[in-house]
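As a plain string of letters, each chain reads:
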Protein chains: 2
Amino acid sequence: MAAELADPPEESVTAAIDRVRSSVDALLAAFIDAHPAPVADPELAEGHRLLKEFVVKGGKRIRPLLCYWGARGAGGTDDAATVAAGAALELYHAGLLIHDDIMDGSELRRGRPTLHRSLARPTKHPVAEPFGHCAAVLLGVLAQAWADELLGAADPAVRALFNQMRGEVIAGQYLDVQTHLGPSVDRALTVIRFKTAKYTVERPLQIGGALAGAPGALLESYSRFGLPMGEAFQLRDDILGVFGDPGITGKPVTDDLREGKATVLIALAFAEATGSALHLLRTWHGNPDLDDARAADLRQVIVESRALTRVESMIDGRVRTGLEELRTCAIDEDARQALTLMAGQLTHRLA
Amino acid sequence: MAAELADPPEESVTAAIDRVRSSVDALLAAFIDAHPAPVADPELAEGHRLLKEFVVKGGKRIRPLLCYWGARGAGGTDDAATVAAGAALELYHAGLLIHDDIMDGSELRRGRPTLHRSLARPTKHPVAEPFGHCAAVLLGVLAQAWADELLGAADPAVRALFNQMRGEVIAGQYLDVQTHLGPSVDRALTVIRFKTAKYTVERPLQIGGALAGAPGALLESYSRFGLPMGEAFQLRDDILGVFGDPGITGKPVTDDLREGKATVLIALAFAEATGSALHLLRTWHGNPDLDDARAADLRQVIVESRALTRVESMIDGRVRTGLEELRTCAIDEDARQALTLMAGQLTHRLA
């Protein structure tokens, strides 16, 4: 009896991170199993199977973890509601990635074939969109509807943030697919703000905070921490997409260059390169015939144009700004430690 | 003073239909205007403009009207909530149509260029999906997120029906895009049940009913009326897609044949035709080079295989079954009259 009245042993932040990740995984699997296809059809069953595999097996659960620490930071203790909201964010994100891979023409994601590639079928109808593309658009839309269902009857403040988040990430993606306009540093910075900083960091933190009834001042702190950290995370990701180890990133290191991703890194290289270096960029960036040797040439241009150095220094500045906010804001101490740890993982991570 | 106590003059069902349609239009326009793009960008602004035009200027508002009469049928009087739910259904539908047009490779919708065509831009990146396709996927996703926002904190029974509806229509669409498997009468019948009968008629009626607290028995009546009426509506639409007047349907009468739409009508023709007639179908149905003369040949095959007669008799049987339910179920008399009128418009409409 006495044991029940004693304080529970303190849980370390890394143990809490593992526990939340497991809870989110378990909830996602249970939710998807509880939503079988409403029609018995072998192709649809295969689509559901691939969607479940995509959602359950992949992902670092960054958004659910930020949502969780956003709630804990405000003194929240309702883990079930926070895990459900986090799982909803993860489902929404799965839908977004599935569509993103179609838009980029990506073959691989997390080391496996992308959904529209797995679902590719020989077609007899040259006018219609290929089946794999249609199926993946629909599975992405389904994941997004499920996200909404899983979020359920959350309170109006949470719903409002979720609605804002959807509008923002769609806008960021809309700008990102404007490849017909050529690389632009300004547009690339807006894209990382909307598609990553707000979507991946600021809003998940705030949704968690709102779930725990955080005061407005803390939600503002989450913005001042989340936006620079989120931008630094994306800038790091862009560097890894060009210079990273494919064994760790799970995708060939030439993919971003071959797809012609208009990152800040690339836009800076275009802005600074001249003569034959600029010609190389124009010819080979976004060229489906890019091979490893040409990719190495492009990397050299990116280094010599000082684009890489400039992006590294942009990351440093943003990390410094974010940490300053995190050090001084009025937040639960475990959350402060956990978010500081995650800031390190996100912006200087090895993977 | 006395005038305020008197019963308001009776509103005819046609006047109510006009009023609901206007209220839905006004709410949709106001909602979209209240959701400007969160980033100033000319391409995104153009996307929003086209999306608003698509939502506000088009459509017969079938789902909002069925939702309204579903509520009235159960004695509902809260017009504002019913109109909001109806507008949400319409926004969801807009998102679905935008994606549907991409999947079918359609050039025209309601007599205007489809969104992915309006947004087509010359591209430099052969690997990536064309900008117009990406933009239209995103605008469709945005419309669906807006639908969800507009439905808001509806009660759990309404939300549950909305969630079911989304799962069902996605499943129906998933079956419909399996053009690599060739036409099948069974699959076509499942598609019209999920993609039209449940999605367009049964669920909107039930959502309206649930908003007004309808008893389970009435929701079941809505199924028994809605499913056959919805199937009859789609079978009629399939006939009009092949034999209709383009001046009324708003799209060239060869489009469905050229796109290779696997309707019940076409699947029956494939199942019944033999010899040179079957050869004609195999060669020209879904062939992008189909011209008016070949389309006339296909129409003759559809008539001579008796597929047209059989579909007409399927429509008759379903209308009879639906009307029988509507004549006998326990429902408000105005709603009975309005739904009978709409049944006529949907299944034997001239457009």
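Look a little higher up for the structure.
Since the model is a prediction, treat every value here as computed from it, not as a measurement.

1. A short note on helix H7 (residues 131-151) of chain B
All names here are of chain B.
Consideration 1: Taking 1.5 Å as the rise per residue, H7 with 21 residues should run 30 Å; its terminal C-alpha atoms sit 30 Å apart, in good agreement.
Consideration 2: Buried residues dominate H7, accounting for 20 of its 21 residues.
Consideration 3: Looking at the residues trailing H7, positive phi occurs at glycine 152, about 60°.

2. Structural notes on the interface of chain A and chain B
Consideration 1: Chain A puts 58 residues into the contact, and the matching count from chain B is 58 residues.
Consideration 2: Counting across the chain A and chain B interface gives four salt bridges.
Consideration 3: Counting every contact that joins chain A to chain B gives 12 residue pairs in polar contact (both at pLDDT 80 or more).
Consideration 4: Put simply, the parts of the chain that give the side of chain A that touches chain B at least two residues each are helix H3 (42-57), helix H5 (79-104), helix H7 (131-151), helix H8 (156-176) and helix H9 (185-211) of chain A.
Consideration 5: A per-element tally of the side of chain A that touches chain B places H7(A) first, with 13 residues.
Consideration 6: Within the side of chain A that touches chain B, the residues separate by chemical class into 28 nonpolar, 18 polar and 12 charged.

3. A word on the packing of helix H2 (residues 13-33) of chain A against H7(A)
Residues and elements named next belong to chain A.
Consideration 1: Two numbers describe how H2 lies on H7: the axes approach to 12 Å, and their chain directions differ by 110°. Relative to H7, H2 is oriented roughly perpendicular. Taking contact as the criterion, the partners of Leu27, Phe31 and Ile32 in H2 are, on H7, Trp146, Glu149 and Leu150.
Consideration 2: Here the residues of the contact of H2 with H7 sort into five nonpolar, no polar and one charged.

4. Some words on the nonpolar core
Consideration 1: Among the nonpolar cores identified, the biggest contains 224 residues, and A:Trp69, A:Tyr92, B:Trp69 and B:Tyr92 are the most heavily contacted of them.
Consideration 2: Beyond its immediate sequence surroundings of up to four residues, A:Trp69 is in contact with A:Val13, A:Ala16, A:Ile17, A:Tyr222, A:Asp334, A:Ala335, A:Ala338, A:Leu339 and A:Met342.

5. Side note on the state of the cysteines
Residues and elements named next belong to chain B.
Consideration 1: As enumerated under the stated definition, the model contains zero disulfides over all chains in all.
Consideration 2: Looking at cysteine 67, it has no disulfide partner, and the nearest cysteine sulfur is the one in cysteine 329, 17 Å off.
Consideration 3: Its relative accessible area of 0% is what places cysteine 67 among the buried residues.

6. Overview of the side chain of A:Arg187
Consideration 1: Locating A:Arg187 in the fold gives a position in helix H9.
Consideration 2: Buried charge A:Arg187 goes without a salt bridge, the closest partner of opposite sign being B:Asp41 at 5.9 Å.

7. Looking at the pattern of salt bridges
Residue and element names in this part refer to chain A.
Consideration 1: Scanning all chains against the criterion turns up 66 salt bridges over all chains.
Consideration 2: Note that glutamate 46 is salt-bridged to arginine 49, the shortest N-O span being 3.1 Å. You can see glutamate 46 and its partner arginine 49 sitting in helix H3, three residues apart, about one turn around the helix.
Consideration 3: The exposure class assigned to glutamate 46 is partly exposed, which follows from its relative accessible area of 26%.
Consideration 4: One salt bridge connects glutamate 333 with arginine 336, and the closest N-O pair in it is separated by 2.9 Å. Here arginine 336 and glutamate 333 lie together in helix H17 (residues 333-348), a separation of three residues that amounts to about one turn.
Consideration 5: Judged by its relative accessible area of 17%, arginine 336 is buried.

What counts, and at which threshold
Residues numbered from 1 in each chain as written. Chains lettered and ligands numbered in written order. Predicted model: local features only at pLDDT ≥ 70, side-chain atom pairs only at ≥ 80, totals over all residues. Heavy atoms only, no water. Helix = DSSP H or I, 4+ residues; strand = E, 2+ residues; numbered from the N terminus. Expected span 1.5 Å × (residues − 1). Buried < 20%, exposed > 50% of the residue type's maximum accessible area, 1.4 Å probe, protein only. Contact = heavy atoms within 4.5 Å. Salt bridge = Lys/Arg side-chain N within 4 Å of Asp/Glu carboxyl O. Polar contact = N/O pair within 3.5 Å; in protein donor to acceptor, adjacent residues only side chain to side chain. Nonpolar A, V, L, I, M, F, W, Y, C, P; charged D, E, K, R; others polar. Axes fitted to C-alpha atoms, helices over the stretch in contact; angles between N-to-C directions. Parallel < 35°, antiparallel > 145°, perpendicular 65-115°, else oblique. Core = buried A, V, L, I, M, F, W, Y, C linked by side-chain atoms within 4.5 Å. Disulfide = S-S within 2.5 Å. Lys, Arg positive; Asp, Glu negative; His and termini not counted.

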